[in-house]
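Analysis of the macromolecular model
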Amino acid sequence: MESGLVALVLNSHLPFVRQPDYPRFLEERWLFESISETYLPLLRVFARLEADKVPWKISLALSPTLEAMLGDSLLRSRYVSWLSSQLELAEKEKARCSGNPVFAPLSEVYYELYRKNYEDFTVLYGGNILGALDFYYKKGRIDLMTSGATNAFMPIYRNYPEATTAQVEAAVVSFRAAFGRSPSGFWMPQLGWYPGVEETLSAYGLQYSVVSTRGALLGDPTPRQGSYAPVSCPNGFTTFIRDVAATDAVWSETKGYPADPAYRDFYRDIGFDLPLEYVGPYIEQNQIRTFTGFKYWAITGKGDQKIPYSPDAARGRVAEHAERFIRDRIGQATAAAAHMDGRPPLMVAPYDAELFGHWWFEGPQWIESIFRKAQGVDGLRFITLSEYRRSYPDNFESVPEYASWGDGGYGGVWMEKSNDWVYRHVFKMIERMIELAERFPNESGLRERVLNQAAREVLLAQASDWPFLLRAGKSGSFARKQIEDAVTNFNRIYEMLCANTVGTEWLTRLEKRNNIFPNINYRVFRRKR
Amino acid sequence: MNVERLNGLSIEALYALADKMGLDLPPALERVFVVEALLEAIEEDSAERKSAGDAAVHIEEKKYSGSELDEIDASIDAAPCIECRYNETVVQVIARDPEWAFVFWDVKDEDFDELHASDAYSHLFLRVIKEPGYDGKTSASFEVVVGDEDDHWYLHLPEEDRAYRVDLYAKIGAKARLLAHSPVIRTPRALMSDSLADLDPDAAELAALSGLASLKIVPAPEHHPSRILGAFDD
């Protein structure tokens, strides 16, 4: 008998960073590193599982900003240049480490990683990662979901239905353009849910989402099956509930699998450890030290002296952690099943995709391993969210409460002293955008282009990534500039429209730089009555 | 941030970072001690954030691989370069969690000049109004005096699962003049909708198995009083 179901949900997201005015740009590396360390390794995992006929199922939320960047020809070509540079460094590393019995094999591992990435990206996928995902989507292996247009933390904007609707509409339109069909699932950025958002989501044909355990357990009324079954809102929209134990197994910084001493250390990197004259060409402007991706040490544990990374030792731990994950889920399902009226308990395990491979180097191997190990196990099966919804359409009726997966469980991460100044500006932009949409409801030609660009700038300013980075103290100047640029661009457009003048050259340049959401319709900001 | 990266910073940047982290270090301390103090503070900060519960967001930081500019960034308290206000009379409120809301406001220059022209003008204040709830209670309010130079505030709201509005007033003599009012917000629930007694034993067990205790979620008592009724002048 089936005692439990597991839904592995990966949230793939990066903020929109595209700087055509510069020959290379530090923050564009976020995308390049994620392609190299997460997306391509995961695609290789999927190919191996397919080849071995292992049943695997993943729900994958792809944010519209990442979708746009993966499909962008400039960023694709820049990725190939960056990859060539990484390959060059890998060659140099092989030469530097040759003769060293410990580090020479590791330098080979990196060389092979970048060589394979180059081959896969340029030849196998022809630069089209979205196409590769679509292949598995059509096969029913990946349940692709969309997400907020620019990863806005939606509860903050709940008093502006025009803004939340714009986040949903732009996402759905982008998804249709990329994959030729409408999405059914919507990932709430940061799992930021609030009561009432289900009406907006349903209006665009979306059927399900994932909420935090806190939001669900505080729902009205209290769910009768805890986090082990989704709940349905009164309008039929389904909310799946994050499973705390499955998430903590990977997420906990101290007890999670990625903290194992045998795994590769994320922080020790030759970009910081080797002389500038050696790493100069591969870091920023030859002098600003940054991560290169070449890391030779294991996490090791407490103490100053790290031990060299051993892929074999790490592989053994991957197998153990995959077994433990399966065993613990079976134990959890068995305990829950006794209270479930015959329906198998569902454990929804959502994670950020970029942490597999990038932060947790062995993460893709672990994903492969859990599917392989679950194959021969009775009583546990992987399932996608849409498949579950089809199998179990009737659920307990409840509306989850406003909550998130951030520290403290609500909106504190995105609203505190380091980042709260953002909202004065973004709220003003939204109000002015509503005003513009009301004043100019039927524009065409140049004025329509201007209004659409204004709508893009509003969406870009709503990104939760920038307040997040301001709080984290990481790339803070860059984050601040992203918000300031969006506000400045928008205000300039607003003033141009008020003065009935348009700087076409400036507008064209801006459209080329911030070229996301080509099919946006500014009228989405018309007042919701 | 680790010891290697701290060692790469200038002593001025280390002091600036210490200042930002709230460390009161004696001047001209040897570099090694500054680094040690910073590492200790970073570790404490990290422990606090872990104990705050949900580590998902903290882990999310890892995907934005940084550079040594991060530390320099962190040591600079840069104000936004864009214009900070729109010269309008307005008040906005956003619910942050069950207890706190972020309020920001502005008074346009013309209105401010008019206020200051009056000898009777005393101060600005926020009136926090609890909107009538579905329990049929009438609205209630309390006031918070704010400075003329202030433009934002975190307000502690006495009750979870309540609707609030914030009005911005000017105190002129014995009278209060309404300048602007915010939209209505609702604080999220902090207690479960149902008490354990309302749930059947299976549902209560499944709630427990879902992590009720680790998330520190409290079921509703059978009759729970409002937390700080005294804050209102009903």
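As a starting point, this report considers the structure included with it. Residue numbers restart at each chain and count upward from 1, following the sequence in its written direction. Each chain takes a letter, starting from A, and each ligand takes a number, starting from 1, following the order in which they are written. Only residues with pLDDT of 70 or above have their local features reported here, since the model is predicted, and side-chain atom pairs are shown and tallied only from 80 upward, although totals for entire chains, interfaces and linings are computed over all residues.

Here's the deal with the overall build of chain A
Our working rule: For the purposes of this entry, the term helix denotes a DSSP run of H or I that reaches at least four residues, the term strand denotes a run of E that reaches at least two, and both are numbered from the N terminus. Only C-alpha atoms enter the radius of gyration, while the globule expectation follows 2.2 Å times N to the 0.38, with N the number of residues. Exposure classes come from backbone-placed C-beta atoms, where a residue is buried if 20 or more other C-beta atoms lie within 10 Å of its own, exposed if 12 or fewer do, and partly exposed in between. For the purpose of contact definition, each residue receives a C-beta atom placed from its backbone, and two residues are in contact when these atoms lie within 7 Å.
For chain A, the count of helices and strands is 19 helices and 10 strands. Relative to the compact-globule value of 24 Å for 529 residues, chain A shows a C-alpha radius of gyration of 24 Å, a close match. For chain A, the spread of C-alpha atoms along the three principal axes comes to 70 × 65 × 45 Å. Buried residues in chain A amount to 56% of all 529 residues. In chain A, 77% of the contacts between residues at least 6 apart in sequence involve partners at least 24 apart.

Re the overall build of chain B
For chain B, the count of helices and strands is 7 helices and 8 strands. Going through the 234 residues of chain B one by one, you find that 29% of them count as buried. Put simply, of all contacts in chain B between residues at least 6 apart along the chain, 62% involve residues at least 24 apart.

With respect to the nonpolar core
Quick reminder of the rule: For our purposes the nonpolar core covers buried Ala, Val, Leu, Ile, Met, Phe, Trp, Tyr and Cys residues that link as a set through C-beta atoms within 7 Å.
With 201 residues, the main nonpolar core has Ala7, Ala454 and Ala455 of chain A as its most contacted residues. Apart from the residues lying within four places of it in its own chain, the contact partners of Ala7 of chain A are Ser59, Phe240, Leu346, Val348, Ala349, Ile383, Thr384, Leu385 and Tyr388 of chain A. Counting residues in hydrophobic clusters, the runner-up holds 5 residues, among them Leu9, Leu14, Val34 and Leu38 of chain B.

A word on the sheet that holds strand S1 (residues 90-95) of chain B
All names here are of chain B. The condition that has to hold: One requirement defines pairing of two strands: DSSP has to find at least two bridges between them. The axes used here are C-alpha line fits, helices contributing only the stretch in contact, and every angle between their N-to-C directions lies in the interval 0 to 180 degrees.
Pairing in this open sheet of 3 strands is antiparallel, and the strands run S1-S2-S5 from one edge to the other. Both outer strands of the open sheet, S1 and strand S5 (152-156), are each paired with one neighbouring strand and no more. Neighbour to neighbour, the strand axes of the sheet diverge by 25° on average, direction disregarded. In this structure, S1 lies alongside strand S2 (residues 100-106), joined through 6 bridges in antiparallel fashion. What sits directly across from Val91, in S2, is Trp105.

Observations concerning unusual backbone geometry
It is generally the case that most residues other than glycine have a negative phi and that most peptide bonds are trans. The step from Asp220 of chain A to Pro221 of chain A runs through a cis peptide bond, and the omega angle for that step is -5°. Inspection of the secondary structure assignment puts Pro221 of chain A in the loop between helix H8 (213-217) and strand S6 (231-232). For Asp341 of chain A, which is not glycine, the phi torsion reads 60° and is therefore positive. The residue Asp341 of chain A is located in the loop between helix H12 (311-337) and strand S8 (346-352) in this model. Taking the C-beta count within 10 Å as the criterion, Asp341 of chain A has 9 such neighbours and is therefore assigned exposed. Of note in this structure, Lys216 of chain B is not a glycine but carries a positive phi near 55°. With respect to the helices and strands, Lys216 of chain B occurs in the segment after helix H7 (201-209). We classify Lys216 of chain B as exposed; it has 11 C-beta atoms within 10 Å.

Comments concerning the sheet that holds strand S10 (residues 396-397) of chain A
Residue and element names in this part refer to chain A. Strand order in the open sheet formed by 4 strands is S5-S7-S6-S10, and the pairing between neighbours is mixed. Both edges of this open sheet fall to strand S5 (208-211) and S10, since each of them pairs with a single strand only. Across 2 bridges, S6 lies against S10 in parallel orientation. Of the residues in S10, the one forming a bridge with Ser232 is Glu397.

Structural notes on the pairing of strand S7 (residues 175-181) of chain B
Regular strands place their side chains on alternate faces of the sheet. All names here are of chain B. Alignment of strand S6 (residues 163-172) against S7, held across 6 bridges, turns out to be antiparallel. Following the sheet pairing, Ile172 is matched in S7 by Lys175. Between S6 and S7, which pair antiparallel one after the other, the connecting turn spans 2 residues, and Gly173 there sits at a positive phi close to 60°.

Some remarks on the environment of Arg18 of chain A
Residues and elements named next belong to chain A. Along the chain, Arg18 falls in the loop between strand S1 (4-12) and helix H1 (29-51). For the pair Arg18 and Leu74, spaced 56 residues apart in the sequence, the C-alpha separation amounts to 8.5 Å. Other than its neighbours up to four places away in sequence, Arg18 contacts Met69, Asp72, Leu74 and Leu75.

Remarks on H12 of chain A
Heads up, the condition is: By this rule the span expected of a helix is its residue count minus one, scaled by 1.5 Å.
Spanning 27 residues, H12 of chain A covers 38 Å between terminal C-alpha atoms, matching the ideal 39 Å at 1.5 Å per step. Against the buried residues of H12 of chain A lie S1, helix H9 (244-251), S8, helix H13 (363-375) and strand S9 (380-382) of chain A together with H7 of chain B.

Topic: the environment of Leu124 of chain A
All names here are of chain A. Relative to the assigned elements, Leu124 resides in helix H4 (residues 103-124). On the basis of neighbour count, Leu124 is assigned to the partly exposed category, with 14 C-beta atoms found within 10 Å. When the C-alpha positions of Leu124 and Ile142 are compared, they lie 19 Å apart, and in sequence the two are 18 residues distant.

Quick notes on the packing of H12 of chain A against H13 of chain A
Residue and element names in this part refer to chain A. Selection rule: Should an angle lie under 35 degrees it is considered roughly parallel, over 145 roughly antiparallel, and from 65 to 115 roughly perpendicular; all remaining angles are considered oblique. Crossing handedness follows the turn of the near helix against the far one: under a right angle anticlockwise gives a left-handed crossing, and clockwise gives a right-handed one. Each residue gets one label: Ala, Val, Leu, Ile, Met, Phe, Trp, Tyr, Cys and Pro are nonpolar, Asp, Glu, Lys and Arg are charged, and the others, such as Gly, are polar.
Remark: H12 packs on H13, axes separated minimally by 9 Å, with the N-to-C direction vectors making an angle of 50°. As summarised for this structure, H12 and H13 are arranged oblique, according to the angle between their axes. The hand of the H12/H13 crossing is right-handed. On the side of H12, the interface is formed by Arg315, Val318, Ala319, His321, Ala322, Glu323, Phe325 and Ile326, while H13 contributes Gln365, Trp366, Ser369, Ile370, Lys373 and Ala374. Of the residues contributing to the contact of H12 with H13, the split by class is 8 nonpolar, 3 polar and 3 charged.

Notes on the packing of helix H16 (residues 445-461) of chain A against helix H18 (residues 476-499) of chain A
Packed helices, taken two at a time, are described by their axes: the angle between them and the distance between them. Residue and element names in this part refer to chain A. Interhelical geometry of H16 versus H18 gives an angle of 150° and a closest axis separation of 9 Å. Here H18 runs roughly antiparallel to H16, going by the angle between their axes. Of the two possible hands of crossing, H16 and H18 adopt the one that is left-handed. Contacts between H16 and H18 involve Val450, Gln453, Ala454, Glu457, Val458, Leu460 and Ala461 from the former and Ile483, Ala486, Val487, Asn489, Phe490, Ile493, Tyr494, Met496 and Leu497 from the latter. Across the contact of H16 with H18, the residue classes break down as 13 nonpolar, 2 polar and 1 charged.

Concerning the pairing of S5 of chain A
All names here are of chain A. Covered by surrounding structure in S5 are Tyr208 and Val210 together with Ser209 and Val211, the residues of both alternating faces. Note: S5 against strand S7 (residues 238-241), 4 bridges, orientation parallel. Across the sheet, Val211 pairs through a bridge with Ile241, a residue of S7.

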